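# Chains, contacts and geometry: an overview
Residue strings, one per chain:
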Amino acid sequence: MSEKKGIPRVALPQDVRLATLAVREGLPPTPWGENSEALFLTSSFVHPDAATAARRFANEEDAFVYSRFSNPTVTMMERRLAALEGTSGCIGTASGMAAILITILALLKSGDHVVCSRGVFGSTIKLFQDFAKYGIETSFVSQTDVDEWRAAMKPNTKLLFAETPNNPLTEVCDIAALAGIAHAKGALLMVDNCFCSPALQQPVKLGADLVMHSGTKYLDGQGRVMAGALCGPNRLIKDVFGPVIRTAGIKAE
Ligand SMILES: *Cc1c(COP(=O)(O)O)cnc(C)c1O
């Protein structure tokens, strides 16, 4: 997760532009002074002594421990994407779908309700439908008609999920209007920002609470990577999603 106090930050001026953040934010280089981001292809990390290792495994001290939940390569990507999306936290995930799966596992429980556009990525629809068997019901509504979203709200609605522009039709949602509908009922708005990337749209600035990406698509841009990410406030990323991330095995590695 992006906010690791014990792990140093890159020293950047206050008001750097997005283009600078996109190449500079992340982790400082190692003592070797490499120019490009280093890749840390390791499952685990070495600790100076047993007592320090115990504290780190107990999550009492920030350090890289085990790549199922923390790895410098992934932290580099998380910090950079959080900076670009304007959120305090980010979790790198094994795929775009893993970002949605983590959200459902961490945020929702049996008896909760979701409102989702019926124009979202096909696998997203299937994943929400699959959770009906665990008692999490999803209503699918129009991509563009805000009134349908408002009418679908129930007392137990916890999450609104929008993908805008959507894949493949590129129809847009009114993010600010959906945020208003969600927040009036104490629900959260999550936006799949895959098609625009933060270079063109920052949903949090329009009122969204959570932003997800399929890193497989434009963030990689070359068709060589499977990855995803979930960006949001650290109070959710660390305290709500963090414990799920530690055990679920669906984080980026
Ligand atoms: C591909 C895609 C996903 C799923 O991402 P994967 O990395 O394939 O799991 C989710 N949303 C959108 C808009 C996509 O295009």
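Coordinates for the structure precede this section.
We now turn to the structure provided with this report. (Residues numbered from 1 in each chain as written. Predicted model: local features only at pLDDT ≥ 70, side-chain atom pairs only at ≥ 80, totals over all residues. Heavy atoms only, no water.)

## A few points about the overall build of the chain
To be explicit about the condition: In DSSP terms, a helix is any run of H or I states spanning at least four residues, a strand is any run of E spanning at least two, and both are numbered starting from the N terminus. For a compact globule the rule gives 2.2 Å times the number of residues to the power 0.38, and the radius of gyration it is set against comes from C-alpha atoms. Throughout this description, buried means an accessible area under 20% of the type-specific maximum (1.4 Å probe, protein chains only), exposed means over 50%, and partly exposed covers the range between. Whether two residues touch is decided by their heavy atoms; if any such pair falls within 4.5 Å, the residues are in contact. Methods summary: accessible areas were calculated by the Shrake-Rupley approach with a probe of 1.4 Å, and residue burial reflects only the protein chains presented. Positive: Lys, Arg. Negative: Asp, Glu. His and the chain ends are not part of the count. Here the site of a charge means NZ on Lys, CZ on Arg, CG on Asp, or CD on Glu.
Of regular secondary structure, the chain possesses 10 helices and seven strands. Relative to the globule expectation of 18 Å for 253 residues, the C-alpha radius of gyration of the chain, 18 Å, shows essentially globular dimensions. Each of the 253 residues in the chain was classed as buried or not, and the buried ones make up 50%. The contacts in the chain between residues at least 6 apart in sequence include a share of 66% that link residues at least 24 apart. If you sum the accessible surface of the chain, you get close to 12,300 Å²; carbon and sulfur atoms cover 57% of it. Charged side chains in the chain number 25 positive and 25 negative. The centres of these two groups are separated by 3 Å.

## Quick word on the pattern of salt bridges
Side chains that carry opposite charge are capable of pairing whenever their charged atoms lie near each other. Basically, it comes down to this: Note on definitions: salt bridges are taken to be side-chain nitrogens of Lys or Arg within 4 Å of carboxyl oxygens of Asp or Glu.
In this structure the tally under the stated criterion is 11 salt bridges. With its nearest N and O atoms 2.7 Å apart, the salt bridge here joins E37 to R80. Separated by 43 residues along the polypeptide, E37 in the loop between α1 (18-24) and α2 (50-57) and R80 in helix α3 (residues 72-85) bring together distant segments of the chain. Classification of R80 as buried rests on a relative accessible area of 15%. The partner of K154 in a salt bridge is E137, and the shortest N-O contact between them spans 3.2 Å.

## Concerning the pairing of strand β5 (residues 188-192)
As a reminder, the rule being used: We call two strands paired when DSSP finds no fewer than two bridges between them.
Here β5 lies mainly inside the structure; five of its five residues are buried. The alternating pattern of β5 places L188, M190 and D192 on one face and L189 and V191 on the opposite face, and all of these are buried. Judged from the five bridges that link them, strand β4 (residues 157-163) and β5 form a sheet pairing that is parallel. The residue of β5 that forms the bridge with E163 is D192.

## Brief notes about the site of the ligand
Threshold: Definition of nearness: a residue and a molecule or strand are near each other if at least one heavy atom of the residue lies within 4 Å of the molecule or strand. Any pair of nitrogen or oxygen atoms within 3.5 Å is treated as a polar contact; in protein, a donor-acceptor pairing is required on top of that, and neighbouring residues in sequence qualify only through side-chain atoms on both sides. Basically, the charged four are Asp, Glu, Lys and Arg, the nonpolar ten are Ala, Val, Leu, Ile, Met, Phe, Trp, Tyr, Cys and Pro, and anything else, Gly included, counts as polar.
Taken together, 13 residues surround the ligand, and among them N167, D192, S214, T216 and K217 come closest. Here M97 contributes a backbone N or O atom positioned 2.9 Å from an oxygen atom of the ligand. Side-chain polar atom of N167 to an oxygen atom of the ligand: 2.8 Å apart, as the coordinates give it. Starting from 380 Å² of accessible surface for the ligand in isolation, the protein chains cover 94%. Looking at the shell around the ligand, the elements with two or more residues in it are α4 (96-107) and α9 (215-219). In terms of residue class, the shell around the ligand is built from five nonpolar, five polar and three charged.

## As for the sheet that holds strand β3 (residues 137-141)
To keep it simple, the criterion reads: Axis lines are fitted to C-alpha atoms, over the contacting stretch for helices. Their N-to-C directions set the angle, which ranges from 0 to 180 degrees.
Ordered in space as β1-β7-β6-β5-β4-β2-β3, the seven strands form an open sheet in which the pairing is mixed. Two strands bound the open sheet, and with one partner strand each, they are β1 (89-93) and β3. Between one strand axis and the next, the sheet turns through 20° on average, direction left out of account. Pairing geometry for β5 and strand β6 (residues 210-214), over three bridges, is parallel. Bridge pairing in β6 links D192 to M212. Against the sheet, α4 makes contact with β1, β4, β5, β6 and β7 (228-232), and its axis sits at roughly 145° relative to β6, the strand it touches most.

Just geometry here; none of it tells us what the structure is for.
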